[in-house]
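What follows is each chain in one-letter form.
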Amino acid sequence: MKRDPWTDPDPQPGDFDEEIERATPDQFGGVEFAPGLTITLISDEEAERRGLVNQPKPVKR
């Protein structure tokens with residue numbers, strides 16, 4: 001079975017080189033952050049423990 005880098009949990013260097021070469025400058029963006037800004041990544045487990053997980057709204061029938 002051929003490996004698909006878009007769904008592979010372990011992408012390798014070079015997997016997306018062809019897509020990057022075809023990309024145009026308008027497909028890239030940048031983000032400017034304030035000096036001293038701190039970014040914290042929270043795991044799914046920690047978010048659930050803290051009650052930060054968005055619960056789906058009940059479907060109205």
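Scroll up to find the structure.
The structure presented is a predicted model; accordingly, all values stated were derived computationally and were not measured.

(A) Examining the overall build of the protein chain more closely. Each helix and strand in the protein chain was counted, giving 2 helices and 0 strands. The C-alpha radius of gyration computed for the protein chain amounts to 19 Å, which surpasses the reference 10 Å derived for 61 residues by more than 25%, pointing to a less compact arrangement than a globule. Its C-alpha atoms give the protein chain principal-axis dimensions of about 45 × 45 × 30 Å. Across the 61 residues of the protein chain, 7% fall into the buried class. Per element, the accessible surface of the protein chain, about 6,600 Å² overall, is 54% carbon and sulfur. Charged side chains in the protein chain number 8 positive and 14 negative. The centres of these two groups are separated by 13 Å.

(B) Expanded view of the packing of aromatic side chains. Counted by the stated rule, this structure contains 1 aromatic pair. With 4.6 Å between their ring centres and 70° between their planes, Trp6 and Phe16 make a pair best called edge-to-face. Within this pair, whereas Trp6 is found in the segment before α1 (17-22), its partner Phe16 is found in the segment before α1, the two being separated by 10 residues in sequence.

(C) Layout of a nonpolar patch on the surface. A grouping of Val31, Phe33, Leu37, Ile39 and Leu41 is seen on the molecular surface, where their side chains present a nonpolar patch of about 600 Å² in accessible area. Tracing the backbone through its elements, the reader meets Leu37 in the loop between α1 and α2 (44-50).

(D) Region of interest: the environment of Asp26. Relative to the elements of secondary structure, Asp26 occurs in the loop between α1 and α2. A relative accessible area of 66% means that Asp26 is categorised as exposed. Put simply, Asp26 and Glu45 are 19 residues apart on the chain and 36 Å apart in space, counted from C-alpha to C-alpha. A distance of 2.3 Å separates a polar atom in the side chain of Asp26 from a polar atom in the side chain of Thr24.

(E) Quick look at the pattern of salt bridges. Inspection of the entire model under this criterion finds 4 salt bridges. Between Arg3 and Asp8 there is a salt bridge, with its nearest N and O atoms 2.9 Å apart. Of the charged contacts in the structure, one is a salt bridge between Arg50 and Glu46, with a shortest N-O distance of 2.7 Å. In this pair, Arg50 and Glu46 both sit in helix α2, 4 residues apart, roughly one turn of the helix. Its relative accessible area of 49% is what places Arg50 among the partly exposed residues. Where salt bridges share partners, they join Arg3, Asp8 and Asp15 into one cluster.

Basis of the calculations
Residues numbered from 1 in each chain as written. Predicted model: local features only at pLDDT ≥ 70, side-chain atom pairs only at ≥ 80, totals over all residues. Heavy atoms only, no water. Helix = DSSP H or I, 4+ residues; strand = E, 2+ residues; numbered from the N terminus. Rg over C-alpha atoms; globule rule 2.2 N^0.38 Å. Buried < 20%, exposed > 50% of the residue type's maximum accessible area, 1.4 Å probe, protein only. Areas by Shrake-Rupley, 256 points an atom, 1.4 Å probe, with all protein chains shown as cover. Lys, Arg positive; Asp, Glu negative; His and termini not counted. Charge placed at Lys NZ, Arg CZ, Asp CG, Glu CD. Phe/Tyr/Trp six-rings, centres within 6.5 Å; stacked < 30°, edge-to-face > 60°. Patch = residues over 30% accessible without salt bridge, like charges linked within 9 Å, V, L, I, M, F, W, Y side chains within 5 Å. Salt bridge = Lys/Arg side-chain N within 4 Å of Asp/Glu carboxyl O. Polar contact = N/O pair within 3.5 Å; in protein donor to acceptor, adjacent residues only side chain to side chain.

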